[in-house]
Amino acid sequence: RPVSRLWFTPWRTPISARARDRHARWLAEATPISLNVDGRRLAGYRAGDGPTVLLVHGWSDRAASLGAFVGPLVERGFTVVGIDLPGHGDSPGGRTNAFAMAETLRGIERELGGVDAIIAHSIGALVTILELGNDLDARAVALIAPLVRADRAVEHFAGQLRLSHRAVRALRTDIESRFGSDVWDQLAADLIAPQIDDVQALIVHDEGDPETHWSDSSLLAEAWPGARLVTTQGLSHYRVVRDENVVDEISNFIADTVRSNSATAHSVQ
């Protein structure tokens, strides 16, 4: 099934010279690292010293794309770690899926000895929510342009490839045969959110995002008692992760929430 193979395979698109320069500038003070997770050596970087913030990239992307957060978070006293998930960036691997990515996220957290906060983009946000529902322990989560419902990704994928209705039906049937007929509910972040009401979340989504839907983020924020939605304009799906105002707001949210939770924990003790 060629369409299914495409669906489960991240596209390793070339990085433009401009993006490569951005990444190099953002990560100038970071140290390259590799983690052994479930028998795979995953590439990434680490910078700073303090509570750990993990950066989780989206589909067909890489951790360096979230590098704009490194400097601001290091300045605020955090360790920042970005890891290329299997089949992405400089990490080995081919086909993957949201459940496998979530399992890898769990392994990364284990290798790091836990994480205090997560900043996640696109499908990385859905993967993060899957793991929060499985008791991933993080004090603060920032979700940028999240994929809230995986069935929406099928719609977008079908539009990108101009798939026929028959091909889309076959793809959905194949996905359901692999993961169960309830897979779309399993991969619906707004249905998981009520279980993770003890985690504070900031959701940032551009109103005109052509890749993921702002309206879905609105549903997610309504379903998640600990979440707040910030709406931007004119930043689309990718510029939003490096916009100065967005980076500043998320960095402040992470710093304030982690420190507030730490103070509360100390006072309870």
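These numbers come from a predicted model, not from an experiment.

The rules we used
- Residues numbered from 1 in each chain as written.
- Predicted model: local features only at pLDDT ≥ 70, side-chain atom pairs only at ≥ 80, totals over all residues.
- Heavy atoms only, no water.
- Helix = DSSP H or I, 4+ residues; strand = E, 2+ residues; numbered from the N terminus.
- Contact = heavy atoms within 4.5 Å.
- 1 Å grid on protein atoms, 1.4 Å probe; cavity = no way out; pocket = protein on both sides within 12 Å on 5 of 7 lines; lining within 4 Å.
- Points joined across faces, edges and corners; volume = space filled by probe spheres on them.
- Nonpolar A, V, L, I, M, F, W, Y, C, P; charged D, E, K, R; others polar.
- Salt bridge = Lys/Arg side-chain N within 4 Å of Asp/Glu carboxyl O.
- Buried < 20%, exposed > 50% of the residue type's maximum accessible area, 1.4 Å probe, protein only.
- Core = buried A, V, L, I, M, F, W, Y, C linked by side-chain atoms within 4.5 Å.

Student: Before we move on, could you go through the side chain of Ser65 and cite the residues and values that matter?
Tutor: Among the secondary structure elements, Ser65 is positioned in the loop between β3 (52–56) and α3 (70–75). Sequence-distant contacts of Ser65, that is, excluding residues within four places in its chain, are made with His23, Trp26 and Val241.

Student: Go over the layout of surface pockets, please, and point to the residues and values.
Tutor: Here the largest pocket defines a volume of roughly 1,100 Å³. Lining the largest pocket are 50 residues; nearest its centre among them are Gly58, Trp59, Ser60, Asp61 and Tyr238. Residue assignment for the lining of the largest pocket shows that the elements contributing at least two residues are α1 (2–7), α2 (17–26), α4 (98–112), α5 (123–133), α6 (150–161), α7 (165–179) and α8 (183–186). No other element matches the 6 residues that α6 contributes to the lining of the largest pocket. Of the residues that constitute the lining of the largest pocket, the class distribution is 26 nonpolar, 17 polar and 7 charged. The calculated volume of the second largest pocket comes to roughly 340 Å³.

Student: Quick one: what's the story with the pattern of salt bridges, residue by residue and with numbers?
Tutor: As enumerated under the stated definition, the model contains 10 salt bridges in all. Its salt-bridge partner being Arg76, residue Asp248 comes within 2.9 Å of it at the nearest N-O pair. Linking Asp248 in helix α11 (residues 244–268) with Arg76 in the loop between α3 and β4 (79–83), this pair joins segments that are 172 residues apart in sequence. Ionic pairing is found between Asp174 and Arg178, a salt bridge with its closest N-O pair at 3.3 Å. Residue Asp174 and its partner Arg178 are both found in helix α7; the two are separated by 4 residues, about one turn of the helix. Residue class for Asp174 comes out buried when judged on its relative accessible area of 11%.

Student: Any chance you could break down the nonpolar core for me, citing the residues and the numbers?
Tutor: By size, the foremost hydrophobic cluster in this structure holds 55 residues, and its most contacted members are Leu54, Ile108, Leu143, Leu220 and Trp224. If you tally residues by element for this core, the top one is α5, at 7 residues. In this structure, Ala63, Ala64, Val230 and Val240 belong to the second largest nonpolar core, which totals 35 residues.

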